[in-house]
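Listed here are the chains, written in short residue letters.
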Amino acid sequence: MRRRNVNILLTGTASDSHTWNLVYLQLLLEELGHPVRNLGPCVADELLTAVCAAEEPGLVVISSVNGHGYRDGLSAVRALRRAGLTLPVVIGGKLGVAGAADPVQRARLLDAGCDAVFDDGDTGALKAFLAALGPGAAGPGALGHAAPGHAEGDACEVLAQSAPQAVA
């Protein structure tokens, strides 16, 4: 069976003004065969929700490198879910200011309706996630597993941003 290319909406978080990570991710995702619309940096929850409602992308990729990804990502995911949107959402990058992955913050994202949180720079996890998206991936049950406390098919995934650690 042929892999399904997914229309991806790529976005930065509300407080993150960095663009290099978004450019890198766009190029990576397009190289993998996925059409990408890049909303850019500093995207407010309201704008993200409106674009998702209007365009119904097959996947939303949220990237953060400023260390506020846990907070901003939680707000964005909650806004999408409050609007009744069930499309897959992934987030990654430098999500916290401590540098290391924070299991408490990860759990908060899971409790908000996400299925998994992957660490910064994990392009392997990104590629595996995309490969697992099959026909009908944007609908209920698409991911085939659920987070604790969530119904089977909750379509929120959290994934690592895969940009390089530094740019010279």
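Model, not experiment: these values are computed from the prediction.

S.K.: An account of the pattern of salt bridges is needed here, citing residue identities and associated values.
M.R.: In the structure shown here, the tally under the stated rule is two salt bridges. For Glu55, the salt bridge is made with Arg37, and the minimal N-O distance between the two is 2.2 Å. Here the residue Glu55 occupies a position in helix H2 (residues 45–55), and Arg37 occupies one in strand E2 (residues 36–38), the gap between them amounting to 18 residues. On the basis of relative accessible area, Arg37 is assigned to the partly exposed category, the value being 39%. The salt bridge involving Arg71 is made with Asp72; its shortest N-O contact spans 3.3 Å.

S.K.: Account for the confidence of the model for the chain, naming residues and giving values.
M.R.: For the chain, the average pLDDT comes to 77, and 74% of its residues sit at 70 or higher. In the predicted structure, residues 136–168 sits below a pLDDT of 50 and forms 104 contacts with residues beyond four places in sequence or in another chain.

S.K.: So what about helix H1 (residues 20–31)? Which residues, and what values?
M.R.: Given a rise of 1.5 Å per residue, twelve residues ought to cover 16 Å, and the 16 Å separating the end C-alpha atoms of H1 matches this to within 8%. When we look at burial in H1, the residues that qualify are Asn21, Leu22, Leu25, Leu28 and Leu29. The buried residues of H1 occupy an angular sector of 130° when projected down its axis, which confines them to one face. In H1, the exposed positions angled more than 90 degrees off the buried face are occupied by Leu27 and Glu31. Buried-residue contacts for H1 involve strand E1 (8–12), E2, strand E3 (59–64) and helix H5 (123–132). One or two residues past the end of H1 sits Gly33, with phi positive at roughly 95°.

S.K.: Could you give me a rundown of the packing of H1 against H5, with the residues and numbers involved?
M.R.: Each pair of packed helices gets described by two things: the angle between the helix axes and the distance between those axes. H5 packs onto H1 with a crossing angle of 45° between their chain directions and a minimal axis gap of 12 Å. Put simply, H1 runs oblique to H5. The handedness of the crossing between H1 and H5 is right-handed. Contacts from Tyr24, Leu25, Leu28 and Leu29 of H1 reach H5 at Thr123, Leu126, Lys127 and Leu130. Tallied by class, the residues present in the contact of H1 with H5 amount to six nonpolar, one polar and one charged.

Quick notes on the rules
Residues numbered from 1 in each chain as written. Predicted model: local features only at pLDDT ≥ 70, side-chain atom pairs only at ≥ 80, totals over all residues. Heavy atoms only, no water. Salt bridge = Lys/Arg side-chain N within 4 Å of Asp/Glu carboxyl O. Helix = DSSP H or I, 4+ residues; strand = E, 2+ residues; numbered from the N terminus. Buried < 20%, exposed > 50% of the residue type's maximum accessible area, 1.4 Å probe, protein only. pLDDT = per-residue confidence, 0-100. Contact = heavy atoms within 4.5 Å. Expected span 1.5 Å × (residues − 1). Arc of directions from axis to C-beta. Axes fitted to C-alpha atoms, helices over the stretch in contact; angles between N-to-C directions. Parallel < 35°, antiparallel > 145°, perpendicular 65-115°, else oblique. Left-handed = near helix turned anticlockwise from the far one by under 90°. Nonpolar A, V, L, I, M, F, W, Y, C, P; charged D, E, K, R; others polar.

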